[in-house]
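# Descriptive analysis of the structure
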Amino acid sequence: EEDMYRDAEEIEREKILLYETSSSEYKLSVAPEMDVMEYCRKEWRGNTPAAKRMRKGYEAVAQKFASIRRVRGDNYCALRATLFQALSQATQLPSWLQSEDFTMLPEKLLSKYDWIKQWQLKQKLGRRTGEISDEIKEYLILLRKKWKNISEIKGPIEKQEACDKLFKNEEEEYSLYEALKFLMLNTAIELYNDDKNGKRVPVFSWLLFARDTSSNPCQLMHNHLNHIGHSGGLEQVEMFLLAYALQYTIQVYRLYKYSTDEFITLYPNDPEEDWPMVTLITEDDRHYNIPVRMCQDTML
């Protein structure tokens, strides 16, 4: 695939870097902090219109955030960046994670929708239904446990250390993404049913099911959710779905849209007042990084 922002040499360098990272035993999902403008100068040295736009975009980010943390660029990166930010600022367990029937979700959905048997978990195929249900339940329990543990840590440094530790544990980390994907499916089913029953649904829900590849939740699972993390990442409309599943507003600095109305995009664009907000950065709507350390004057 042609990359419209980087030249061939940069792409080649990145491939070598990715190979070296993937071939080493120790994988860091979220890299340590780096000064925003230092990161920008390293990444965008040229004088092309795209590079100039990126630098302007990073300058705007630097007005609000001092540092950036690079997120590993596999097809889970939107989930990774969002969950990392949500956990690193969590002070309590969200109400939807507290409900008693939360862990019964897989069983409940599988009893109604036979097609969920085709759910692909971490590239393992050919499971029996019971196994799928049990395994997803384990992931949901793990999500609740980790969220609860991290939200109870008072000190910001200790909280950050706990997040860093979790995102170095590959087995747990990928299990959490499977939980998030299943919550996205559950949200999609709820929205689809609400629309069919004449209830009011957010606009993105119409767009989600207006696609030829996802005209119903079954198609959405087969053609989109099953591929996230394997052969594809999240599309724009699926960022809305993730926001609704987590009941978080996801604010994204979309750097290539600098100087347009879409430079700072909110998912959803009419957020609920009581939803917490996480902030991400993207250069191309494919890969997401994390801004950290709000500048002092911004916090006042």
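Throughout this document, residue positions are counted from 1 along each chain, in the order its sequence is written. Predicted model: local features are reported for residues with pLDDT of at least 70 only, side-chain atom pairs are reported and counted for 80 or more only, and whole-chain, interface and lining totals are derived from all residues. Working from all heavy atoms in the structure, the side-chain values ignore hydrogens and water.

- Per an unreviewed UniProt entry, the protein goes by Ubiquitin thioesterase otulin and derives from Chlamydotis macqueenii.
- The record held by UniProt for the protein lists under Subcellular location (unreviewed entry) the comment "Cytoplasm". UniProt positions are given in the numbering used here, feature names are shortened, and annotations may be inferred rather than shown by experiment.

## Overview of unusual backbone geometry
- Here Y267 and P268 are connected by a cis peptide whose omega angle stands at -5°.
- Here S259, not a glycine, exhibits a phi torsion of approximately 70°, which is positive.
- Overall, the relative accessible area of 65% leaves S259 in the exposed class.
- Phi at R293 takes a positive value of approximately 60°, unusual for a residue other than glycine.
- Inspection of the secondary structure puts R293 in strand β6 (residues 288–294). When a residue's accessible area, from a 1.4 Å probe over protein chains only, is under 20% of the maximum for its type it is buried; when over 50% it is exposed; and in between it is partly exposed. Comment: elements are numbered from the N terminus, with helices defined as DSSP H or I runs of at least four residues and strands as E runs of at least two.

## Some words on the environment of Y288
- When you line up the elements, Y288 lands in strand β6.
- Accessibility expressed as a relative area gives 0% for Y288, which makes it buried.
- Residues Y288 and G73, 215 residues apart in the sequence, show an inter-C-alpha distance of 7.9 Å.
- A contact between two residues is defined here by any heavy atoms of the two lying within 4.5 Å. Other than its neighbours up to four places away in sequence, Y288 contacts V71, C77, A78, A81, Q236, M239, V252, L280, I281 and T282.

## As for the pattern of salt bridges
- Salt bridge, as used here: a side-chain nitrogen of Lys or Arg that lies within 4 Å of a carboxyl oxygen of Asp or Glu. One pass over the structure, following the stated rule, counts 18 salt bridges.
- In this structure, D194 and K199 form a salt bridge, with 3.8 Å as the shortest nitrogen-oxygen distance.
- Residues K257 and E262 are paired through a salt bridge, measuring 3.6 Å at the closest nitrogen-oxygen approach.
- Members of the salt-bridge network, linked through shared partners, are R254, K257, E262 and D285.

## Here's the deal with helix α8 (residues 156–166)
- Considered for burial, the residues of α8 that qualify are K159, C163 and L166. Seen end-on, α8 carries its buried residues on one side only, within an arc spanning 65°. Residues of α8 that are exposed and angled more than 90 degrees away from the buried face: I157, E161 and K165. Note: the arc covers the axis-to-C-beta directions of the helix.

## Details of the UniProt feature "site: Linear diubiquitin binding" (unreviewed entry) in the protein
- According to UniProt, the "site: Linear diubiquitin binding" (unreviewed entry) feature falls on E262.
- By the secondary structure assignment, E262 is in the loop between β3 (249–254) and β4 (264–267).
- Assessed through its relative accessible area of 38%, E262 is described here as partly exposed.
- Apart from the residues within four sequence positions on either side, E262 is in contact with R254 and K257.

## Points about the UniProt feature "active site" (unreviewed entry) in the protein
- Mapped onto the present numbering, the UniProt feature "active site" (unreviewed entry) falls on D74, C77 and H287. Judged by maximum C-alpha separation, these annotated positions cover 214 residues in sequence but sit close together in space, the widest gap being only 8.3 Å.
- Relative to the elements of secondary structure, C77 occurs in helix α4 (residues 77–88).
- According to the relative accessible area criterion, C77 is buried, its value standing at 2%.
- With near-sequence residues (within four places) excluded, C77 lies in contact with V71, R72, R286, H287 and Y288.
- Position of H287 relative to the elements: it lies in the loop between β5 (277–282) and β6.
- Once residues lying within four places of it in the same chain are set aside, the contact partners of H287 are V71, R72, G73, C77, I281 and T282.
- Polar contact is defined as a pair of N or O atoms within 3.5 Å, subject to the rule that within protein one atom must be able to donate a hydrogen and the other to accept it, and that residues adjacent in sequence are counted only when both atoms are side-chain atoms. A polar contact is formed between the side chain of H287 and the backbone oxygen of V71, at a distance of 3.0 Å.

## Details of the side chain of Q251
- Here Q251 shows up in strand β3.
- Take Q251: its relative accessible area is 16%, and that puts it in the buried class.
- One polar contact links Q251 to T279, side chain to side chain, over a distance of 3.0 Å.
- When sequence neighbours within four positions are dropped, the list of residues in contact with Q251 reads I264, T265, L266, M277, V278, T279 and L280.

## A closer look at the packing of helix α9 (residues 170–196) against helix α10 (residues 203–210)
- Helix axes are fitted to C-alpha atoms over the stretch in contact, other axes to C-alpha atoms as well, and angles between N-to-C directions run from 0 to 180 degrees. Packing of α9 against α10 brings their axes to within 10 Å, and their N-to-C directions diverge by 100°. It follows that α9 is roughly perpendicular to α10 by the angle criterion. The segment α9 lies against α10, with A188, L191, Y192 and D195 engaging F204, S205, W206, L208 and F209.
- Each residue belonging to the contact of α9 with α10 can be placed in one class, and the counts come to 7 nonpolar, 1 polar and 1 charged. Angular relationships are summarised with four words: roughly parallel below 35 degrees, roughly antiparallel beyond 145, roughly perpendicular across 65 to 115, and oblique for the angles in between. Residues were grouped as follows: Ala, Val, Leu, Ile, Met, Phe, Trp, Tyr, Cys and Pro as nonpolar; Asp, Glu, Lys and Arg as charged; and all remaining residues, including Gly, as polar.

## Overview of the packing of aromatic side chains
- Centre distance within 6.5 Å is the pairing criterion for rings of Phe, Tyr and Trp, where only the six-membered ring of Trp is used; planes under 30 degrees apart are then read as stacked, over 60 as edge-to-face, and the remainder as tilted. Under the criterion given, the structure shown has 18 aromatic pairs.
- Ring plane angle 80° and centroid distance 4.9 Å describe the contact between F240 and Y267, whose orientation is recorded as edge-to-face. Highlighted residues: F240 in helix α12 (residues 236–246) and Y267 in strand β4, separated in sequence by 27 residues. Across this residue pair, the class does not change: F240 and Y267 are buried.
- Here the aromatic cluster, defined as three or more aromatic residues joined through ring pairs, consists of F204, F240, Y244, Y267 and W275.

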